[in-house]
Amino acid sequence: MAAHACAASRALQAAVASRSFRCRYHEAFGAFPQDRVFVPGVVDAKGLLAPLPADPRAQAPVPSPHVLVAPCPAGHPLAGQLRCTARRALAPGFSLPYAGELYRGRSDHHYYSSTYSCSASGGMVVDGLRYCNEAAFVNHYYGIADSPNCRLAECEQAKAAVSVVSPIAPGEELLVDYGLEYCTRNQVRSRAR
């Protein structure tokens, strides 16, 4: 069984690395990209820091009952890109795990400048560029709203999470402040300034 899991993981990693991975996700996933591997939590391609990623083409994943990936509509500052919206009302304190590849830290993560990288507990980094869940599509608030309705939080159980800080209505977009480093690099405004 373990040998089969390792072989399946290697085949998945090869498809991801060659950019040939495609998965037709159930409509319940909304606009989740077919070229991303949906994972419910942190994963490690080597299986050392976290579990190996499961292939969603072989084991159908379950989307969040709380949020949905949707296209940004016309007139939105990010029209044509994706966003994470609430399926139902979300109260302050609700947390959505930030899923992706887990790295020991920035020095072990050669993609750290990826806009999908997030600091995690224990000095680790979670990157949602190739393996992710709906949280990877939570956008920076600037230009969309006056302030973020969520924050990025480190937590032991999930390593990193998007935590709701003000009530979010069904259909409303989840927004965070990406922080000073991102904003300086991309010349956008941050509340941290």
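Residues numbered from 1 in each chain as written. Predicted model: local features only at pLDDT ≥ 70, side-chain atom pairs only at ≥ 80, totals over all residues. Heavy atoms only, no water.

> How would you explain the nonpolar core if you had to name every residue and give the values?
Formed by 41 residues in total, the largest nonpolar core has its most connected members in Phe 21, Phe 32, Leu 90, Tyr 98, Val 162 and Leu 174. Taken together, the elements giving at least two residues each to this core come down to α1 (2-17), β1 (37-38), β2 (42-43), β3 (67-71), β4 (82-86), β9 (131-132) and β12 (159-164). (Core = buried A, V, L, I, M, F, W, Y, C linked by side-chain atoms within 4.5 Å. Buried < 20%, exposed > 50% of the residue type's maximum accessible area, 1.4 Å probe, protein only. Helix = DSSP H or I, 4+ residues; strand = E, 2+ residues; numbered from the N terminus.)

> So, the packing of aromatic side chains: which residues are in play, and what are the values?
Under the definition given, this model contains eight aromatic pairs. Note on Phe 32 and Phe 38: the rings are 5.3 Å apart at their centroids and 70 degrees apart in plane angle, and the pair reads as edge-to-face. For Phe 38, a relative accessible area of 5% gives the class buried. Each ring, one from Tyr 116 and one from Phe 137, has its centre 6.4 Å from the other, and the planes form 65 degrees; the classification is edge-to-face. Here Phe 137 lies in the loop between β9 and β10 (139-140) and Tyr 116 lies in the loop between β6 (100-103) and β7 (117-119), a separation of 21 residues in the sequence. The exposure class assigned to Phe 137 is buried, which follows from its relative accessible area of 4%. An aromatic cluster of at least three residues, connected via ring pairs, comprises Tyr 25, Phe 29, Phe 32, Phe 38, Tyr 116 and Phe 137. Looking at Arg 36, its charged tip hangs above the ring of Tyr 116, at a distance of 4.4 Å from the centre. (Phe/Tyr/Trp six-rings, centres within 6.5 Å; stacked < 30°, edge-to-face > 60°. Lys NZ or Arg CZ within 6 Å of the ring centre and 35° of its normal.)

> Lay out unusual backbone geometry with the relevant residues and their values.
Phi is positive for Arg 19, close to 60 degrees, though the residue is something other than glycine. Looking at Arg 19, the relative accessible area reads 70%, which means it is exposed.

> Give a detailed account of the sheet that holds β7, specifying residues and quantitative values.
Ordered in space as β2-β6-β8-β7, the four strands form an open sheet in which the pairing is mixed. Every other strand in the sheet has two partners, leaving β2 and β7 as the edge strands with one partner each. Inspection of the sheet shows β7 paired to strand β8 (residues 125-127) by three bridges, in the antiparallel sense. Pairing of Ser 119 across the sheet is with Val 125, part of β8. (Pairing = 2+ DSSP bridges.)

> Could you give an account of the environment of Ala 60, with specific residues and numbers?
Locating Ala 60 in the fold gives a position in the loop between β2 and β3. Sequence separation of Ala 60 and Tyr 25 is 35 residues, and the distance between their C-alpha atoms is 8.4 Å.

> Which residues make up the sheet that holds β12, and what are the values?
Here we have three strands laid out as an open sheet, ordered β5-β12-β11, and antiparallel in their pairing. Each end of this open sheet is capped by a strand with a single partner; those strands are β5 (95-97) and β11 (150-155). Across the sheet, the mean angle from the axis of one strand to that of its neighbour is 30 degrees, orientation sign disregarded. Of the strand pairs in this sheet, β11 and β12 are connected by six bridges, and their pairing is antiparallel. Bridged to Cys 150 within β12 is Val 164. (Axes fitted to C-alpha atoms, helices over the stretch in contact; angles between N-to-C directions.)

> Let's hear about the pattern of salt bridges: which residues, and what values?
Scanning the model with the defined rule gives three salt bridges in all. Note that Glu 173 is salt-bridged to Arg 83, the shortest N-O span being 3.5 Å. One end of the pair, Glu 173, is in the loop between β12 and β13 (175-176); the other, Arg 83, is in strand β4, and 90 residues separate them in sequence. A single burial state applies to Glu 173 and to Arg 83, both of which are buried. (Salt bridge = Lys/Arg side-chain N within 4 Å of Asp/Glu carboxyl O.)

> Before we move on, could you go through the pairing of β4 and cite the residues and values that matter?
Most of β4 is tucked away, with four of its five residues classed as buried. Bridge count between β3 and β4: five bridges; the pairing is antiparallel. Across the sheet, the residue bridging to Ala 70 is Arg 83, located in β4.

> Account for the pairing of β6, naming residues and giving values.
Bridge analysis of β2 against β6 gives two bridges, and the strand direction is parallel. Residue pairing in the sheet places Val 43 in a bridge with Glu 101 of β6.

Purely geometric numbers; function is a separate question.
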